[in-house]
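Secondary and tertiary structure notes
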Amino acid sequence: MFRWLKVKLVVINLTLICMVLLLVFVGINWYVNQRAAERSLSILQTISQSIGPFDTVSPQNERVLRSNSFYVTLDTHGQIIEVSPNAPPAYAAIAVLTLERGENAGNIAYNQENLWYLKTSLDNGTRLVYLQDEGGSALLSSLTDVSLAIGGVSVLLALAVSIVLANRALHPIHRAWGKQQAFVADASHELRTPLAVLNTNLEVVMDSPSERVVDQFQWLTNMKQEITRMSVLVESLLFLARADAKSDVLQVELFSLSDMLRTVSLPFVPLLAEKCLRLEQSIQQGVKMKGMESRIRQLLVILLDNAMKNTPRNGQIRISMHVQNDRAHISIADTGIGIPPEQIKRIFERFYRIDQSRTREQGGAGLGLSIAECIVHEHKGTIHVQSEPGKGSTFTLIFPL
Ligand code: ADP
């Protein structure tokens, strides 16, 4: 698909460049031709005016006439009655050719020679004045040769440049396409596992149709868990798809960031107690932020949830916030297992999990931090991670207020 797209881009580019080149060269040729015609006509008019009726060549035009011009005068019956001394032997044939032409001025080719002519009506006949082409057609033909040579080289150059540009233009599309493919494959893979579990549990239930619901409770509970897992996954996928499409309008409002940070951990209290985790808070009072409150809460929940999942028993989690240079600096730090330095860059990738089996047990599909990053960007903020394996991690968020 991309090869065809590249070929199409190159062909379109090249066609456009060829059309522009053609237009430029045809324009230049037409202009040079036009100038040569005007110049020759003006010389012919000067010569024509300098010759009296049936006159011999006047001295001031002798030079011009002798070098590259001549004339033939015909009476009203078309009989040649006068010829300038320097006329070529074929002047009669040339005169016939000229009379056949309707236009009073123009150029004719005779014996591979290009002659400009001007017909002037006299009282008792017609005078035909000729000017041998002063290198105009030679200039035109060499101009055509040069144009063709330059055009050829330009087309080759344009081809090379078009290929390079097409490659560059397609690179981000190629990458995005690859990511999209991987995203679909990962999403399908994530949905396959709970579906398989659901199927197995359902088969067990259906194998014993006479049993009561209470006897099948274990299998039904398993199915409920998998359905919940799938719902969360589908919600996350939908969120990311909408964020990619930028289809959601951010409902911006002014809310108390200080209050939110103080209360965001409340739903986690039972879990904190269960794991004997200590929660510390250092939150500046009275800080208000403009943003979508529910999204900021979702972001903090993701970070807090990750901190709790990745901190062993008796560890500590610290939530802090202060304002500096009109920006809120929020950090969520834990004394957990930490993140290996080579993985830090990848944890924001969709479906990326450090320990696949462990995080699946904990219910994560590797989408939490991707969603977090989207929310941060939506609010024109930044997110940074500092982590040391075995010591803990700190996620820092900075938002304009
Ligand atoms: P999930 O939704 O599965 O938790 P995330 O996108 O939130 O996935 O996180 C990606 C990976 O980053 C996870 O595999 C997790 O192990 C790791 N991670 C996230 N937060 C922390 C943390 N505070 N400490 C250690 N590892 C973390």
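Preceding this section is the structure that the text describes.
Since we're looking at a predicted model, the values are computed, not measured. (Residues numbered from 1 in each chain as written. Predicted model: local features only at pLDDT ≥ 70, side-chain atom pairs only at ≥ 80, totals over all residues. Heavy atoms only, no water.)

1. A look at the overall build of the protein
- What the protein contains, in helices and strands, is 11 helices and 12 strands.
- Relative to a compact globule of 401 residues, whose C-alpha radius of gyration would be 21 Å, the protein shows 44 Å and is clearly more extended.
- Considered along the principal axes of its C-alpha atoms, the protein spans approximately 130 × 60 × 35 Å.
- Expressed as a percentage of its 401 residues, the buried residues of the protein come to 37%.
- Sequence separation of at least 24 residues holds for 65% of the intrachain contacts in the protein that already meet a minimum separation of 6.
- By element, 59% of the accessible surface of the protein is carried by carbon and sulfur atoms, the whole surface being about 23,800 Å².
- Of the side-chain charges in the protein, 38 are positive and 37 negative, and the distance between the mean point of each set is 8 Å. (Helix = DSSP H or I, 4+ residues; strand = E, 2+ residues; numbered from the N terminus. Rg over C-alpha atoms; globule rule 2.2 N^0.38 Å. Buried < 20%, exposed > 50% of the residue type's maximum accessible area, 1.4 Å probe, protein only. Contact = heavy atoms within 4.5 Å. Areas by Shrake-Rupley, 256 points an atom, 1.4 Å probe, with all protein chains shown as cover. Lys, Arg positive; Asp, Glu negative; His and termini not counted. Charge placed at Lys NZ, Arg CZ, Asp CG, Glu CD.)

2. Thoughts on the nonpolar core
- The biggest cluster of nonpolar side chains holds 50 residues, and the ones touching the most others in it are L257, L300, F395 and L397.
- When residues of this core are assigned to their parent elements, the largest contribution, eight residues, is made by helix α8 (residues 293–309).
- Contact partners of L257, with chain neighbours within four places excluded, come to V287, K288, M289, I296, M321, A328 and I330. (Core = buried A, V, L, I, M, F, W, Y, C linked by side-chain atoms within 4.5 Å.)

3. Description of the side chain of S256
- Residue placement: S256 occurs in strand β6 (residues 253–256).
- Overall, S256 belongs to the buried group, its relative accessible area being 17%.
- Residues within four places of S256 in sequence aside, it is in contact with V287 and K288.

4. A word on the sheet that holds strand β10 (residues 327–334)
- As summarised here, the arrangement of the five strands in space is β7-β9-β10-β12-β11, forming an open sheet in which the pairing is mixed. Each of the sheet's edge strands pairs with one partner strand only, and the pair in question is β7 (278–283) and β11 (382–388). Within this sheet the neighbouring strands show an average axis-to-axis angle of 10°, counted without direction.
- Both β10 and strand β12 (residues 392–400) contribute to a ladder of eight bridges, which runs antiparallel. Within β12, the residue paired with A328 across the bridge is F399. (Pairing = 2+ DSSP bridges. Axes fitted to C-alpha atoms, helices over the stretch in contact; angles between N-to-C directions.)

5. Quick word on the sheet that holds strand β3 (residues 105–110)
- As summarised here, the arrangement of the five strands in space is β2-β1-β5-β4-β3, forming an open sheet in which the pairing is antiparallel. Sheet topology places β2 (80–83) and β3 at the edges, where each strand pairs with a single neighbour. With strand direction ignored, the average angle separating the axes of adjacent strands in the sheet is 25°.
- Judged from the six bridges that link them, β3 and strand β4 (residues 113–122) form a sheet pairing that is antiparallel. Paired with A109 across the strands is N114, a residue of β4.
- In the packing of helix α1 (residues 2–50) onto the sheet, contacts are made with β1 (69–75), β3, β4 and β5 (125–132), and the angle to β4 comes to roughly 45°.
- Relative to β3, helix α3 (residues 91–100) is tilted by about 135°, and along the sheet it contacts β1, β2, β3, β4 and β5.

6. Regarding the layout of surface pockets
- Looking at the second largest pocket, its volume works out to about 680 Å³.
- Lining the second largest pocket are 23 residues; nearest its centre among them are D244, R350, S370, E373 and C374.
- When contributions to the lining of the second largest pocket are tallied by element, the ones reaching two or more residues are α4 (136–207), α5 (217–245) and α11 (368–378).
- Among the residues making up the lining of the second largest pocket, the classes are represented as nine nonpolar, three polar and 11 charged. (1 Å grid on protein atoms, 1.4 Å probe; cavity = no way out; pocket = protein on both sides within 12 Å on 5 of 7 lines; lining within 4 Å. Points joined across faces, edges and corners; volume = space filled by probe spheres on them. Nonpolar A, V, L, I, M, F, W, Y, C, P; charged D, E, K, R; others polar.)

7. Points about the packing of aromatic side chains
- Within this structure, the stated rule accounts for three aromatic pairs.
- A centroid spacing of 6.3 Å and a plane angle of 70° characterise the contact between F2 and W177, whose relative ring orientation is edge-to-face. One end of the pair, F2, is in helix α1; the other, W177, is in helix α4, and 175 residues separate them in sequence.
- Relative to F351, the ring of F183 lies with its centre 5.6 Å away and its plane at 50°, an arrangement referred to as tilted. Here F183, found in helix α4, pairs with F351, found in the loop between α9 (341–344) and α10 (356–361); they are 168 residues apart in sequence, far enough to count as distant. We note that F183, like F351, is buried.
- Taking the ring centre of Y71 as reference, the NZ or CZ of R127 above it sits at 5.1 Å.
- Looking at R350, its charged tip hangs above the ring of F183, at a distance of 5.3 Å from the centre. (Phe/Tyr/Trp six-rings, centres within 6.5 Å; stacked < 30°, edge-to-face > 60°. Lys NZ or Arg CZ within 6 Å of the ring centre and 35° of its normal.)

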